[in-house]
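Chain residues, written in single-letter form:
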Amino acid sequence: MNFVKTYVIFLGSVAFIIISCSDRIAETKDNIRIGFSQCFSDHPWRDAMNHSMRIQASLYPEVELEIYEAHNDIQRQIEHVEKMINDGVDVLIISPIETDMIVPALEKAYDLGIPIILIDRKINSQKYSSYVGGDNLEVGRNAGNYIISSTLDKANVIELMGGDKSTPVMERSKGFRQIVSQAPSIVLLKSLKGIETGIPKEQFSTVLDSLGQNNIDYIYAFNDQLALQAWQVAREKGLEKQIKFIGVDGLNGPNGGIDLVREGILEATILYPTGGAEAIEMAMEIVAGKEVPKDNILNTTVIDLRNADMMKNQFDKINNQQLDIEQQIAALRILEERYFAQNTLMKVTMALLAIILSLTFYSIYSIFAIRKKNRQLQLTNKKVTVQRNQIKKIADELKQTSEAKYNFFTGISHEFKTPITLILSSLESIREMARAKGSRIVEEVELINNNSNRLLRLINNLLDFRKVEDRKFNLTVSHTNLFAFSKSVYEDFKHEAKRRNISFEISCNNKDLEVYLDRNLMDKVYFNLLSNAFKFTPDNGRVHIVIHDEIDKNTVTVSFKDTGIGIPKKELANIFQPFFKGSNNRKNSTGIGLHLSKEFVELHKGTLVVSSVHGTDFSMTLKKGNTHFDEDEIIQEPDLVDEAVIEFNQNAYVEDAYRMEEIMEDQEQYCILIIEDNPDLLSFLEKKLKVEFDINLSDGTDAVEKALEIIPDIIICDLILPDKNGFEICEILKKDLRTSHVPIIVLTAMNDKQSYLQGLQSGADLYLTKPFSYSILVQSIKSLLYNREKLRFYYTNNIYKIEQTDSFGNLEQQFINTLNTIIKENLDNSDFSVEQLADTLHVSRVQLYRKVKAILGLSISDYISNFRLEKAKTMLEITSLSISEIAYGNGFSSPNYFSTSFKNKFGNSPAAYRKVHGIVSTS
């Protein structure tokens, strides 16, 4: 065994040596290191220079180009030169920030034999190998000559110089002055020196104001960027069309000189090549030992509207070619890497093959021993498998038992909500009657109501506990004023504090503080903590809410302090455990309120801690802002709705209800189908609603059949039913053409987000949770019916104008569109009957009648007649056809019958109507 291991290690070492040798052979070709110090960055022209260098360098696989950015810091640029000297670069390229301070460092490199290429800018020394760049004197002269050639008379000019003392700044200004000083027609009004960020805007603005009377004709800027900034300042003063701007650089691309000329912002720009590619080529010639010229001057030219498009097209082609070159180089590198990888893989494979052959002999020897051990392992595995299956079976049984308990627990909690709904709804009626009569029973009713609400909150806590255990809570946080939110909860406990003479206060050091909360969950936290405080605080005690905005931190603390019995120190660590009850707790409690509170606070990425000295102090810390929440957890909703908004919405709601009552007075009662399996709630709703509506009942076993039979005006449906659940019933009825128009109100104890979404997705028009307010239920019914009546009104008053683009729901719209299409196709057929229409729609005559009556509020025959009359009225207005032609063209059996029908509907005969509204006289 030891021999085999030694042999394997030996072969592995041999393979490693082979691979290492192949790598060294691949790298025998020497690399050429080129270092470039860029004077400053964040400028398009400098970025273009860097880009062209990289592209040109990429054409030489052996070239390693490293670019250093000096950021206009001369000391940093000197450090870059020293670093390149120490690194032993083959060629040093530099765009010097200024002409003097950099000289010692460059002369040191030159004396050490490192070739130095100056690009764009020069230095006050001859110790350099070559200069590459445009002739800045020529750039200035070109700008001056352009102004002279474009000036017929006298021209006033302002010069905007660069912001440093570099040779381009000095030479461009010098060349420009050489030209304009010789031209008597050119007046140089002012020369402004730029700053690091561009032009001195305030100074330039003052100059424009002071020289405005001189009618400034041209502004010559050091580069296109300064020219654009000058144009923007001139535009603010309304002078941009009066002044012509000339820049330098002539870059191609957004906000480049060429585009600025094409857009009319600049009169002209002087092309100033970057020289990046030329510098790399010069470096390669120097490395190859070739003689290179001392000065390599790049051509410049003037770009204006006459050649801007041509220059842009040329640069675009160059850019496309450069892009193709980059892609081809990248592809070559990929192929090269793939070759070396495959070559290496082949060598590794050969080494591994040798190892495998060696191990094969050992494997043959070992296989017999392994078989023996495998038989032993198989026996052991069988025993382990049997034990594992037994454990899994027990675990599954425990899981099923636990799930059954939880399901029973959840189900029974939901069942509690229906009787509580009946209690609260009855109390609402009793309380209204008692108040109206001034009876003393109001206090007892309030007591029953408060305890019913307390029972409901306990049930909700039990349901929340199940969600927390299953990790099914989804946060929906929104922007909230913390003090206003806390004050709203505080108001709910003021009555209890006053009744027990407890000093109840709330204080805050920043009442304008805004945080992100899930208001529903945080309301439960506040209620649980305050209920706990009042429960264990004796009469005449003190409860205090303190909100402290930690200004110097990103947190806010909300403390709930009381002077109650406190918590023993040894039990503080367990206070947030579910179902924990303190040794000094003599009150009835579930033991889950504090556990839920801590879970809800931690969902907000906050903390909840407790301390107890004289009484108890629960301290909740929350983070400010919303960066600690996921995007899908943040919603937009109003901060806290004030009473004025509530009153307004209620008034609008009641107004709709009053309008609905007026409509109901003029016709027979609306029909409501109630689908509910609880007989008490079914009886309660029937007794309350039958005063205003025609009520039909179903326990859920025949819900769909009864709905299709009676076609009600509205349906109230529970979700938990014995046969089909409420989701299925909604979906079936909304997809059936006969009942798709009927509004459905879901009335259920299931108040989780998933159930709410599923209810709306299945087609429910309104989702109300138990316990519900009976008055809200009635107003909701009337509002839905009123909205349907408005839709009917629209249809009946726009019969002929309804087009395919109108949309009031998929099935209804499809039905109306199909109905109108068939009527239009048979409009001139006086024998076209309702039976034929029903056959074409594939429904019975009765179903067609009920559907049209429900949607439009009139019979199908009246609808067809109105359709024909509306079309005839339009033809009377816009055509010259005779009344007989119009009558027969719209399916009337005779002109006399048409005239009678038209006068009954519109109050005038066809002839009289045409005289008033038509464009031609009656024929």
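Predicted, not measured: the structure shown is a model, and the values here were computed from it. (Residues numbered from 1 in each chain as written. Predicted model: local features only at pLDDT ≥ 70, side-chain atom pairs only at ≥ 80, totals over all residues. Heavy atoms only, no water.)

As for the overall build of the protein chain
So, step 1. Helix and strand counts for the protein chain come out as 28 helices and 24 strands.
So, step 2. By residue count, 45% of the 923 residues in the protein chain fall in the buried class.
So, step 3. Of the contacts formed within the protein chain by residues at least 6 apart in sequence, a portion of 70% connects residues at least 24 apart.
So, step 4. Accessible area of the protein chain: about 49,600 Å², with a carbon and sulfur share of 53%. (Helix = DSSP H or I, 4+ residues; strand = E, 2+ residues; numbered from the N terminus. Buried < 20%, exposed > 50% of the residue type's maximum accessible area, 1.4 Å probe, protein only. Contact = heavy atoms within 4.5 Å. Areas by Shrake-Rupley, 256 points an atom, 1.4 Å probe, with all protein chains shown as cover.)

Here's the deal with the packing of aromatic side chains
So, step 1. What the rule picks out here adds up to 17 aromatic pairs.
So, step 2. For the pair Y756 and Y767, a centre-to-centre distance of 4.9 Å together with 70° between the ring planes defines the contact as edge-to-face. Placement of Y756 in helix α20 (residues 753-761) and of Y767 in strand β24 (residues 766-769) is noted, with a sequence separation of 11 residues between them.
So, step 3. For Y767, a relative accessible area of 9% gives the class buried.
So, step 4. With a centroid separation of 5.9 Å and 55° between ring planes, the pair formed by F892 and Y897 is classed as tilted. (Phe/Tyr/Trp six-rings, centres within 6.5 Å; stacked < 30°, edge-to-face > 60°.)

A word on the packing of helix α25 (residues 860-878) against helix α28 (residues 910-917)
Each packed pair of helices is defined by two parameters, the angle between the axes and the distance between the axes.
So, step 1. Axis separation between α25 and α28 bottoms out at 8 Å; the angle between their running directions is 50°. Taken as axis vectors, α25 and α28 run oblique relative to one another. In this structure, α25 crosses over α28, and the sense of that crossing is right-handed. Contact residues: K873, M875, L876 and E877 in α25; P910, Y913, R914 and H917 in α28.
So, step 2. Along the lines of polarity and charge, the residues of the contact of α25 with α28 split into four nonpolar, one polar and three charged. (Axes fitted to C-alpha atoms, helices over the stretch in contact; angles between N-to-C directions. Parallel < 35°, antiparallel > 145°, perpendicular 65-115°, else oblique. Left-handed = near helix turned anticlockwise from the far one by under 90°. Nonpolar A, V, L, I, M, F, W, Y, C, P; charged D, E, K, R; others polar.)

Some thoughts on the nonpolar core
So, step 1. Judged by nonpolar contacts, the single largest core of 63 residues is most densely connected at I34, L92, I93 and L106.
So, step 2. The leading source of residues in this core is helix α10 (residues 276-287), at six residues.
So, step 3. With sequence-adjacent residues up to four places away left out, L92 is seen in contact with G35, V81, M84, L106, A109, I114, P115, I116 and I117. (Core = buried A, V, L, I, M, F, W, Y, C linked by side-chain atoms within 4.5 Å.)

Some remarks on helix α27 (residues 895-906)
So, step 1. Compared with the 16 Å implied by 1.5 Å per residue over 12 residues, the 16 Å span of α27 between its first and last C-alpha is a close match.
So, step 2. Its buried side turned inward, α27 meets α25, α26 (883-889) and α28. (Expected span 1.5 Å × (residues − 1).)

Quick word on the sheet that holds strand β6 (residues 155-161)
So, step 1. The strand order β7-β6-β8-β9-β10-β12 describes an open sheet built from six strands, whose pairing is mixed. Edge positions in the sheet fall to β7 (186-193) and β12 (301-304), since each of these pairs with one other strand and no more. For this sheet, the mean angle separating the axes of adjacent strands, direction not counted, is 20°.
So, step 2. Packing against the sheet, helix α5 (residues 136-150) makes contact with β6, β7, β8 (218-221), β9 (244-249), β10 (268-271) and β12, and its axis sits at approximately 170° to β8.
So, step 3. Running at roughly 155° to β9, helix α8 (residues 224-236) makes contact with β6, β8, β9 and β10 of the sheet. (Pairing = 2+ DSSP bridges.)

A short note on unusual backbone geometry
So, step 1. Although it is not a glycine, D120 sits at a positive phi angle of roughly 75°.
So, step 2. Turning to its location among the elements, D120 is positioned in the loop between β4 (116-119) and β5 (130-134).
So, step 3. With a relative accessible area of 2%, D120 lands in the buried category.
So, step 4. Unlike most non-glycine residues, D249 shows phi in positive territory, near 135°.
So, step 5. Within the secondary structure, D249 is located in strand β9.
So, step 6. With a relative accessible area of 6%, D249 lands in the buried category.

Remarks on a nonpolar patch on the surface
So, step 1. On the surface, a nonpolar cluster with roughly 380 Å² of combined accessible area is contributed by L352, L353, I356 and L357.
So, step 2. Here L357 lies in helix α11 (residues 308-437). (Patch = residues over 30% accessible without salt bridge, like charges linked within 9 Å, V, L, I, M, F, W, Y side chains within 5 Å. Salt bridge = Lys/Arg side-chain N within 4 Å of Asp/Glu carboxyl O.)

Things to note about the pattern of salt bridges
For side chains of opposite charge, pairing can occur when their charged atoms come near one another.
So, step 1. What the rule picks out here adds up to 27 salt bridges.
So, step 2. Note that K108 is salt-bridged to E82, the shortest N-O span being 3.1 Å. Residue K108 is located in helix α4 (residues 103-111), and its partner E82 is located in helix α3 (residues 74-87); the two are separated by 26 residues in the primary sequence.
So, step 3. With a relative accessible area of 37%, K108 lands in the partly exposed category.
So, step 4. One salt-bridge network, in which partners are shared between bridges, spans D259, R262, D309 and K312.

Some words on the pairing of β5
So, step 1. Taken across its five residues, β5 has five buried, putting it largely inside the fold.
So, step 2. Where β4 lies against β5, three bridges are found, and the strand directions are parallel. What sits directly across from I117, in β5, is S130.
So, step 3. Sheet analysis places β5 next to strand β11 (residues 295-298), joined by four bridges and oriented parallel. If you follow Y131 over to β11, its bridge partner there is D295.

Some points on the confidence of the model for the protein chain
For residues with low pLDDT, the predicted coordinates do not support detailed interpretation.
So, step 1. Per-residue confidence for the protein chain gives a mean pLDDT of 80; residues scoring 70 or more make up 80%.
So, step 2. When the criterion is pLDDT under 50, residues 639-658 qualifies, and its contacts beyond four places in sequence or with other chains add up to 17 contacts. (pLDDT = per-residue confidence, 0-100.)

Regarding the pairing of strand β1 (residues 32-38)
So, step 1. Of all seven residues in β1, six are buried, a share of seventy percent or more.
So, step 2. The sheet contact formed by β1 and strand β2 (residues 63-69) spans seven bridges and is parallel. Residue pairing across strands places Q38 opposite E69, the latter belonging to β2.
So, step 3. By the bridge criterion, four bridges tie β1 to strand β3 (residues 91-94) in an arrangement that is parallel.

Focus: the side chain of S486
So, step 1. Turning to its location among the elements, S486 is positioned in helix α13 (residues 482-499).
So, step 2. Judged by relative accessible area, S486 falls into the buried class, the value being 0%.
So, step 3. Engagement of the side chain of S486 in a polar contact is seen with the backbone oxygen of L482, the distance being 2.8 Å.
So, step 4. A polar atom in the side chain of S486 sits 2.7 Å from the side chain of Y526. (Polar contact = N/O pair within 3.5 Å; in protein donor to acceptor, adjacent residues only side chain to side chain.)

Observations regarding the sheet that holds β4
So, step 1. With respect to topology, six strands assemble into an open sheet ordered β2-β1-β3-β4-β5-β11, the strand pairing being parallel. Taken across any chain shown, the strands that pair with only one partner, and hence form the sheet edges, are β2 and β11. The mean angle between the axes of side-by-side strands here comes to 15°, regardless of whether they run parallel or antiparallel.
So, step 2. Its contacts with the sheet place helix α2 (residues 44-58) against β1, β2, β3 and β4, and it is angled at close to 165° to β2.
So, step 3. The strands touched by α10 are β1, β2, β3, β4, β5 and β11; relative to β4, the strand with the most contacts, the crossing angle is about 165°.

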